[in-house]
There are 2 protein chains.
Amino acid sequence: MTTLIESKPIVINVGLASFAQNIHDCGGAAQTLQWQPPAEGDRRIGLALAHTINDPHIEAANRIAYERYLGAQPVLTGVSTAREAVPGMEGRIILHSGPPIAWQDMCGPQQGAVLGAILFEGWADSLDEARTQVERGEVRLEPCHHHGAVGPMAGIISPSMPVWIVKNATGGNVAYTNMNEGLGKVLRFGANGSEVIERLRWMARTLGPTLATLVEEMGGLELKPLMAQALHMGDEVHNRNVAASCLLFRKLTNAALASRRVTPDAVREVLSFIAGNDHFFLNLSMAACKAMLDAAHGVPHSTLVTAMARNGVEFGIRVSGADRWFTAPAPIIDGLFFPGFGPADAARDLGDSAITETAGVGGFAMGASPAIVQFVGGTPRDAVANTRRMLNITLGQNSAFTLPALDFTGTPAGIDARRVLDTGILPVINTGIAHKEAGVGQVGAGITYAPLACFAQAIDTLAASLPREQ
Amino acid sequence: MTTLIESKPIVINVGLASFAQNIHDCGGAAQTLQWQPPAEGDRRIGLALAHTINDPHIEAANRIAYERYLGAQPVLTGVSTAREAVPGMEGRIILHSGPPIAWQDMCGPQQGAVLGAILFEGWADSLDEARTQVERGEVRLEPCHHHGAVGPMAGIISPSMPVWIVKNATGGNVAYTNMNEGLGKVLRFGANGSEVIERLRWMARTLGPTLATLVEEMGGLELKPLMAQALHMGDEVHNRNVAASCLLFRKLTNAALASRRVTPDAVREVLSFIAGNDHFFLNLSMAACKAMLDAAHGVPHSTLVTAMARNGVEFGIRVSGADRWFTAPAPIIDGLFFPGFGPADAARDLGDSAITETAGVGGFAMGASPAIVQFVGGTPRDAVANTRRMLNITLGQNSAFTLPALDFTGTPAGIDARRVLDTGILPVINTGIAHKEAGVGQVGAGITYAPLACFAQAIDTLAASLPREQ
């Protein structure tokens, strides 16, 4: 008490910085707390949020969901075609990235990719014919996420495409993804010229079947240890996958050398293709993350975020306790552009690849990947700061994914929608930037953030569904 | 002046910490500088050092030597046998690591490896017979470094072994090294049982010739960009080589797939062997460093360190301006031991692999490789601190090898023997620890430091050879 009277006051200022001006004027010191009202000051949403904080139903549900996510063991178990492996792929159907969207609302790259997939499937012989088909509603367009799948950028998966099959050995749930085409003119950026279609046909004819044999002969492949190793090698397994791709290449080569069922020509073509693509592992990283998060989905009342995905128009999230999307306009991306391109060329945020951040890697694991800043911008210090900041909005850390540069602590894991809304700290996402017109391709890479509005809607919905207090 | 009188003094204490006690007693503050007299207070050596500081002959010589080191472009140009490629390998000769040493003075692992090489060459049929030969002086034992070569641990190169040939495209000088056998029972740790000899014979029969074809068909391989990429992937290319080994594996596989001259069986055996060894790149890293440093060797008066090497008994350094070794007892290693082993089992510091630190990678680039501390001990913070500390004893930084975690600054490069002696900051070395008895193998890994005495002798010699002032 004496100390309080005799010593100078130590002032912490919460709110407007100008509140502390008087103290400064009198020669005192005040530390202004970086703070803003929860839910950006929205009274109704703020009250909904307040209902959810420390709610025992939510706490219990989150413990269950988080444990299921942590305990998931994604294993690459096979390769097949989407038609055979992915549920609900009958007839003329094309899956796309992000939340649901109608053809006429799709961004340029996604429309271009849909048309390309129709040509690849042989449902039409020209782009005009393909466009007519899709405009007449003869091709169903549904989100990958509604079929247990994920796809980068446009995220197009059509029935004849080969898919990776990733099973969570713990929970039994299965995730699917397409195969990475490489860089340049590729379907996922909306390109649909003959070279693109020819490559897709080769992938269906040779890449898929060869990898199916190799994965079978390998007896599957555990993906979590491989991702963990890559995090120790400077990848964040979203926009930097060179280490994981090399490690996977080595395993596939070993399998190919031991195999008696694959032909030398197929081995040559397939391994050369994989060796030429430092992002080849990306799709597997995404499917592994999808398998981990689907394990945690569907726990009533849980505020754990189980998906973040973008279709170039809308950004959507899913939370474990609600079976619907919460969407907001897809953000623009602050990034580094390739020579000759700038922000005016950029599509809005696109692709299912933010599933990696949802699972605690990608932007959340940037601290493992200082070299990523050469690709997405910023400094190595920013990269570490991004990882640390995400600890404020996650339920914990994933000890399966350790970060050497952060003293081997685990990646921030399990985004709690409440914490996002409460702190205003938005999930950080490393992402490629597509040209806004179909087929131009990637024009840069950068950093973006999930919109707060998605989390506000999610909490509003989950708060309303809580049992009423008596 | 008024400030000086009216304000409190700010005290920096140089020397014994107790000098500052009076100030502390009077309530003042003094900052004690971490400082010790140059040359550990040796008056004669200290005076010699003083003669060399800012000496124009040395400064000019160091500029030349440093530029030659920086400008070197080590290229893997081929694979051959030591007999055919390495100069002076006629007759019964075996090269070993470190400075020159007589048979009877060699440590256990090095003796075991010499005997194994004699069996491998077929000069003797039993270890006893081999020992008799070498004791009778029928086998010449010379340092690798005297033949433009380097070898890890025991560093044994005998005439029939396959060697990597690395040419400095800028300076034309050539370096050689043997091929990495993998872990476990291997010659470089002194093992010489039948499995070791059989593997060496397979390496001579299949590995060497196959790699010779592939390297030829690849048209050579630039090693500096590959090392630089590996530094961005968590390697320090001395004790952590997993990224570099993967990248090399991918290139060799590509070459093998395209080759019509190698047989499928050879490809299978060779690629499986390489895929199973995360240290396979180490020897190439060493040869690349040797090629960079030999480019800088032989500039009169230069105090640039061009080699650090150990034979398990003595630690030796070479400096550019003197054509001799400067040696001191090989240090013990502070490290992490494998289960069942401890410091009492350890051989003293062994191998030519400290050529990597001499060239600014390895321990000098630990800041790039936080995960290395799981192998050699310490924390990621120590790793960064080691890199930063080495900047005090180097002539500059190598912009060809950038460190992402240190904001992409270059590795500390070009050890100046004067700075080591002046500051007492010893070059840090990451290293494996061999069992002191032949054939047990690796028992751990850790960190050690080059002995100051080597640098004192070097400066003493170089100071004496300076032109006398008039």
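Residues numbered from 1 in each chain as written. Chains lettered and ligands numbered in written order. Predicted model: local features only at pLDDT ≥ 70, side-chain atom pairs only at ≥ 80, totals over all residues.

## Structural notes on the overall build of chain A
A count of helical and extended segments in chain A gives 17 helices and 18 strands. The globule rule puts the C-alpha radius of gyration for 470 residues at 23 Å, and the 23 Å found for chain A is close to it. With respect to the three principal axes, the spread of C-alpha positions in chain A is 85 × 55 × 50 Å. When burial is assessed residue by residue, chain A has 57% of its 470 residues classed as buried. Contacts spanning at least 24 positions in sequence make up 72% of the contacts within chain A whose residues lie at least 6 apart. (Helix = DSSP H or I, 4+ residues; strand = E, 2+ residues; numbered from the N terminus. Rg over C-alpha atoms; globule rule 2.2 N^0.38 Å. Buried ≥ 20, exposed ≤ 12 C-beta atoms within 10 Å, placed from the backbone. Contact = placed C-beta atoms within 7 Å.)

## As for the sheet that holds strand E13 (residues 334–337) of chain B
Residues and elements named next belong to chain B. Taken together, the 3 strands give an open sheet; going across it, the order is E13-E18-E17, and neighbouring strands pair in antiparallel fashion. Edge positions in the sheet fall to E13 and strand E17 (428–434), since each of these pairs with one other strand and no more. The mean inter-strand angle of the sheet, taken between neighbouring strand axes irrespective of direction, is 20°. Bridge count for E13 against strand E18 (residues 442–449) is 4 bridges, and the pairing is antiparallel. Residue Asp334 lies in a different strand from E18, and its bridge partner there is Ile447. (Pairing = 2+ DSSP bridges. Axes fitted to C-alpha atoms, helices over the stretch in contact; angles between N-to-C directions.)

## Examining the sheet that holds strand E11 (residues 314–319) of chain B
All names here are of chain B. If you trace the 4 strands from one edge of the open sheet to the other, you get E12-E11-E10-E14, paired in antiparallel fashion. The strands lining the two open edges of the sheet, one partner per strand, are strand E12 (326–329) and strand E14 (350–351). By the bridge criterion, 5 bridges tie strand E10 (residues 305–311) to E11 in an arrangement that is antiparallel. Paired with Ala309 across the two strands is Gly316, which belongs to E11. In this fold helix H17 (residues 452–464) packs onto E11 and E12, with an angle of close to 35° to the strand it touches most, E11.

## Quick word on the interface of chain B and chain A
Taken together, the contacts link 23 residues of chain B with 23 residues of chain A. Within the residue set of the side of chain B that touches chain A, elements represented by two or more residues are helix H10 (242–258) and helix H11 (264–275) of chain B. Per-element accounting of the side of chain B that touches chain A gives the leading share, 9 residues, to H10 of chain B. Taken together, the residues of the side of chain B that touches chain A sort by class into 14 nonpolar, 6 polar and 3 charged. (Nonpolar A, V, L, I, M, F, W, Y, C, P; charged D, E, K, R; others polar.)

## Comments concerning the environment of Ala295 of chain B
By secondary structure assignment, the location of Ala295 of chain B is in the loop between helix H12 (282–294) and E10. In this structure the C-alpha to C-alpha distance between Ala295 of chain B and Pro74 of chain B, which are 221 residues apart in sequence, comes to 10.0 Å.

## With respect to the environment of Ala405 of chain B
Structurally, Ala405 of chain B is set in the loop between strand E15 (394–403) and strand E16 (409–415). Assessed through the 27 C-beta atoms surrounding it within 10 Å, Ala405 of chain B is described here as buried. Setting aside residues no more than four positions away along its own chain, Ala405 of chain B makes contact with Pro370, Pro380 and Ala405 of chain A together with Gly367, Ala368 and Val384 of chain B.

## Describing the environment of Leu141 of chain B
Residues and elements named next belong to chain B. Within the secondary structure layout, Leu141 lies in strand E5 (residues 140–143). Residue classification places Leu141 among the partly exposed positions, given that 18 C-beta atoms sit within 10 Å. Residues in contact with Leu141, not counting those within four places in the same chain, are Ile94, His96, Trp103 and Val114.

## A word on the domain arrangement of chain A
Assigned domains of chain A: these are domain 1 (2–35), domain 2 (43–69 + 296–464) and domain 3 (73–287). If you average the C-alpha positions of domain 1 of chain A and of domain 2 of chain A, the two centres end up 35 Å apart. (Domains from an automatic or database assignment.)

## A short note on H10 of chain B
Here H10 of chain B is 17 residues long and its end C-alpha atoms lie 24 Å apart, about the 24 Å a rise of 1.5 Å per residue gives. Within H10 of chain B, 14 of the 17 residues are buried, which leaves the element mostly enclosed by the surrounding structure. (Expected span 1.5 Å × (residues − 1).)

## Some remarks on the relation of the copies chain B and chain A
Note on the identical chains: chain B maps onto chain A by a rotation of 180° and an axial translation of 0.0 Å, with an RMSD of 0.1 Å. Here the two chains are linked by the operation of a two-fold rotation axis. Every residue of chain B has its C-alpha some distance from the rotation axis, and the shortest such distance is that of Met233 of chain B, at 2.2 Å. The residues that chain B uses at the interface reappear at the interface of chain A in 100% of cases, marking a shared surface. (Least-squares fit on C-alpha atoms with pLDDT ≥ 70 in both.)

## Thoughts on the pairing of strand E17 (residues 428–434) of chain A
All names here are of chain A. Of all 7 residues making up E17, 7 are buried, and the element is well covered by its neighbours. Here 7 bridges tie E17 to strand E18 (residues 442–449), and the two strands are oriented antiparallel to one another. Note on E18: the bridge partner recorded for Val428 is Tyr449.

## Thoughts on the nonpolar core
Formed by 307 residues in total, the largest nonpolar core has its most connected members in Val166 and Ile459 of chain A together with Val166 and Ile459 of chain B. Discounting residues that sit within four places of it in the chain, Val166 of chain B has contacts with Pro74, Val75, Leu76, Thr77, Val174, Ala175, Leu223, Ala287, Ala288 and Ala291 of chain B. (Core = buried A, V, L, I, M, F, W, Y, C linked by C-beta atoms within 7 Å.)

## Describing the pairing of strand E10 (residues 305–311) of chain A
Residues and elements named next belong to chain A. With 7 of 7 residues buried, E10 lies mostly within the body of the structure. With antiparallel pairing between neighbouring strands as the criterion, E10 and strand E11 (residues 314–319) make up a hairpin whose turn holds 2 residues, including Gly312 at a positive phi of roughly 90°. Pairing geometry for E10 and strand E14 (residues 350–351), over 2 bridges, is antiparallel. Residue pairing across strands places Asn311 opposite Leu350, the latter belonging to E14.

## Describing helix H9 (residues 223–231) of chain B
Turn by turn, an α-helix covers 3.6 residues, leaving residues three or four places apart pointing in a common direction. For H9 of chain B, the set of buried residues is Leu223, Leu226, Met227, Ala230 and Leu231 of chain B. Across the axial projection of H9 of chain B, the buried residues extend over an arc of 140°, all falling on one side. (Arc of directions from axis to C-beta.)

## Things to note about the packing of helix H9 (residues 223–231) of chain A against helix H10 (residues 242–258) of chain A
Residue and element names in this part refer to chain A. Running from amino to carboxyl end, H9 crosses H10 at an angle of 130°, the nearest separation of the two axes being 8 Å. Here H9 lies oblique to H10, going by the angle between them. In this structure, the crossing between H9 and H10 has a hand that is right-handed. Side by side, H9 and H10 meet where Leu226, Met227, Gln229 and Ala230 of the first sit next to Ala243, Ala244, Leu247 and Leu248 of the second. Considered class by class, the residues forming the contact of H9 with H10 number 7 nonpolar, 1 polar and no charged. (Parallel < 35°, antiparallel > 145°, perpendicular 65-115°, else oblique. Left-handed = near helix turned anticlockwise from the far one by under 90°.)

## A few points about unusual backbone geometry
In this structure, Glu40 of chain A is a non-glycine residue whose phi angle is positive, near 50°. Locating Glu40 of chain A in the fold gives a position in the loop between strand E2 (30–33) and helix H3 (43–52). When the 13 C-beta atoms within 10 Å are taken as the criterion, Glu40 of chain A is described as partly exposed. Its identity as a non-glycine residue notwithstanding, His301 of chain B has a phi of 80°, on the positive side. With respect to the element layout, His301 of chain B can be found in the loop between H12 and E10.

## Considerations on the packing of helix H8 (residues 194–218) of chain A against H10 of chain A
Residues and elements named next belong to chain A. Across the interface, H8 lies against H10 with an axial gap of 9 Å and an inter-helix angle of 90°. Between H8 and H10, the angle falls in the class roughly perpendicular. In contact with Leu214, Glu217 and Met218 of H8, H10 contributes Lys251, Leu252, Ala255 and Ala256. For the contact of H8 with H10, the class distribution of residues is 5 nonpolar, no polar and 2 charged.

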